[in-house]
Amino acid sequence: MHGNILVIDPIATNRIVLRVKLAASHYDMTQADSIAAAMRAVGQSVPDLILCADSLPDGGPLRLLARLRKAGLDTKIPVIVLSASNTAESRMRLLAAGVEDVLEKPVDDSFLLARARSVIRAFASASEWKLRDGTSRALGFAEPSAQFGPRQKVRIVAHDLDILAAWRPKLCSSTRAALTPCTPGLAVDGDDDGDMADGFVLVIEPGKSGDMFALLATIRSNAATRHSAILVVQVDRDPKLGAQLLDMGANDVMTFDSDPAEVALRLEALLSRKRLSDTLRDTVRSGIEAAVIDPLTGLHNRRYAIPHLSRIAERATRAGKPFAVMVADMDHFKQINDTHGHAAGDAVLVETARRLRENLRAVDLVARIGGEEFLIVLPGAGLQSAKHAAQRLCRMIRGTAFDVPGATSPISATISIGMTVCDLPNGASTTLAMSPEALLDRADKALYGAKTEGRDRVTLSRPAA
């Protein structure tokens, strides 16, 4: 499944309809008919997104946000409100309070699902950078992030710039960002000082969507603008087109007839998130590489891996989600060094690290924790998916010999993997059982089993209990 969505609606029929739609898109759904029931559900398992009706028996979305804030979850769970009476005033109030979006019923199915995907994707990315930032802080390298920074730059892109004449002045007065109007052909040109825009407002005019699709793809593929905030404003409301734009990387979609103050509010929210993400990325990357990166392979080392594993275990336990821990060890590595020399052995380790890294997800952890030993952690992976991943890694090492400079012929090598999978209900595990030391011990014992059973294989330890 792609994630879990909590639907809060007092009407059972509405919940049933949403369940069918979400199941068709491979989402798990948890349901509640009140805020009290929703908070009980959140206490058992933290959802990836909340879809909330605008009227509930024990309050409304603002009360829900207050309860989430009290529980320390308001910045961790995005909320989309499905409103039967989507007035500009109520929408502004909800957006200002912190909801991700307010969608008027009936909501186009394709747009609702695309908006859900977009929001979940954004929060998952932010959560991963926060996790890595937390690991850096645990190591003592991170400094508190600055609350203020340079004025952010935003380009308002339209084919007909005259369409912005009555709209832009009020927008300028409602945001701190520096706004610059331009046509699509100039949108990604660098400034004189080399800086690119922090955000883009793409105005989609009737019959002009093709250029904007191309521009959106360019923004997301350009290294300088890959993380820029993108707000799409449709002159003519088109849910299907909006869904496509969201799936291509737009962060938010709205209509042109909205109050410019709402445009500013949505834009400021996106820019604030972009500023936080930039800060987290810089914090993780700057100043710590030499201390936490293995200089030979470029992978993280044990000093980084152990506290990061601890945080992954804590988050998985809190959310009631599985994860897998593997210890992989090159087979007969001493023979490679003795036969071909240590330079050849180093080259094999570098190539092994590259293969492991390129055959795992960005969210996975792969680290060199010993001479020829690697730690691999797969957040969210259950038994079957983790087992398949480990077997794939063994095949990938075994299947292609290593071309080593100076060697007379390619060097064949294999790898053994010991694995433990933690797949327990929320709160079922003990702190001791989920400690990095305990997890590594179980994976090490499984690795010993793989070695004694003939090497070049995956052995599973008894799951954590």
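Reading guide: rules and limits
- Residues numbered from 1 in each chain as written.
- Predicted model: local features only at pLDDT ≥ 70, side-chain atom pairs only at ≥ 80, totals over all residues.
- Heavy atoms only, no water.
- Pairing = 2+ DSSP bridges.
- Helix = DSSP H or I, 4+ residues; strand = E, 2+ residues; numbered from the N terminus.
- Axes fitted to C-alpha atoms, helices over the stretch in contact; angles between N-to-C directions.
- Contact = heavy atoms within 4.5 Å.
- Polar contact = N/O pair within 3.5 Å; in protein donor to acceptor, adjacent residues only side chain to side chain.
- Salt bridge = Lys/Arg side-chain N within 4 Å of Asp/Glu carboxyl O.
- Buried < 20%, exposed > 50% of the residue type's maximum accessible area, 1.4 Å probe, protein only.
- Right-handed = clockwise from strand over helix to strand, strands pointing away.
- Core = buried A, V, L, I, M, F, W, Y, C linked by side-chain atoms within 4.5 Å.
- Phe/Tyr/Trp six-rings, centres within 6.5 Å; stacked < 30°, edge-to-face > 60°.
- Lys NZ or Arg CZ within 6 Å of the ring centre and 35° of its normal.
- Parallel < 35°, antiparallel > 145°, perpendicular 65-115°, else oblique.
- Left-handed = near helix turned anticlockwise from the far one by under 90°.
- Nonpolar A, V, L, I, M, F, W, Y, C, P; charged D, E, K, R; others polar.

Caption draft 1: Here's a closer look at the sheet that holds strand 4 (residues 79-83). A sheet is described by the order of its strands in space; here 5 strands give the open sequence 2-1-3-4-5, paired in parallel fashion. The two strands at the open ends of the sheet, each matched to only one other strand, are strand 2 (28-32) and strand 5 (101-104). Across the sheet, the mean angle separating the axes of adjacent strands is 20 degrees when strand polarity is ignored. As paired elements, strand 1 (residues 4-8) and strand 2 share 5 bridges and run parallel to each other. Across the sheet, residue Asn 4 finds its bridge partner in strand 2, namely Asp 28. Across the sheet, helix 1 (residues 12-24) lies against strand 1, strand 2 and strand 4, angled at about 170 degrees from strand 2, the strand it touches most.

Caption draft 2: Examining the side chain of Asp 108 more closely. Residue placement: Asp 108 occurs in the loop between strand 5 and helix 5 (109-139). Polar side-chain contacts of Asp 108 include one of 2.3 Å to the side chain of Ser 110. Ignoring anything within four residues of it in the chain, the contact list for Asp 108 reads Pro 239 and Lys 240.

Caption draft 3: Representation of the pattern of salt bridges. In the structure shown here, the tally under the stated rule is 25 salt bridges. With a closest N to O distance of 2.7 Å, Asp 338 and Lys 334 form a salt bridge. Here Asp 338 pairs with Lys 334, and both are found in helix 12 (residues 333-340), just 4 residues apart, close to one helical turn. A salt bridge links Glu 358 to Arg 354; the shortest N-O distance between them is 2.6 Å. In this pair, Glu 358 and Arg 354 both sit in helix 13 (residues 342-358), 4 residues apart, roughly one turn of the helix. For Glu 358, a relative accessible area of 54% translates into the label exposed. Owing to a relative accessible area of 31%, Arg 354 belongs among the partly exposed residues under this scheme.

Caption draft 4: Seen up close, the pairing of strand 6 (residues 153-157). Most of strand 6 is tucked away, with 4 of its 5 residues classed as buried. Relative to strand 7 (residues 178-182), strand 6 runs parallel, the two sharing 5 bridges. Its bridge partner lying in strand 7, Val 154 is registered against Leu 179. A crossover links strand 6 with its parallel partner strand 7, the connecting element being helix 6 (residues 168-173), and its sense is right-handed. Direction of pairing for strand 6 relative to strand 8 (residues 199-204): parallel, over a ladder of 4 bridges. The partner of Arg 155 across the bridge, within strand 8, is Phe 200.

Caption draft 5: Representation of the nonpolar core. Ile 5 and Leu 202 are the most contacted members of the largest nonpolar core, which totals 40 residues. The element that contributes the greatest number of residues to this core is helix 5, accounting for 8 residues. The residues contacting Leu 202, other than those within four sequence positions of it, are Val 157, Met 212, Leu 215, Leu 216, Ile 230, Leu 231, Val 232 and Val 233. Core analysis: the second largest hydrophobic core is formed by 33 residues, Ala 324, Ile 376, Leu 393 and Ile 411 among them.

Caption draft 6: Fine view of the packing of aromatic side chains. For the structure on display, the rule yields 1 aromatic pair. An angle of 40 degrees between the planes, with centres 4.9 Å apart, marks the rings of Trp 167 and Phe 256 as tilted. Taken as a pair, Trp 167 in the loop between strand 6 and helix 6 and Phe 256 in the loop between strand 10 (252-255) and helix 9 (260-285) lie far apart in primary sequence, 89 residues in all. Judged on exposure class, the residue Trp 167 and its partner Phe 256 are both buried. A cation over an aromatic ring shows up here: Arg 355 above the ring of Phe 402, its NZ or CZ 4.0 Å from the ring centre.

Caption draft 7: Up close: the packing of helix 13 against helix 14 (residues 383-399). Relative to each other, helix 13 and helix 14 sit at 140 degrees, their axes nearing to 10 Å. The orientation of helix 13 with respect to helix 14, classified from their angle, is oblique. The chirality of how helix 13 crosses helix 14 is right-handed. Contacts between helix 13 and helix 14 involve Thr 352, Arg 355 and Leu 356 on the former and, on the latter, Leu 393, Met 396 and Ile 397. When grouped by side-chain class, the residues that make up the contact of helix 13 with helix 14 number 4 nonpolar, 1 polar and 1 charged.

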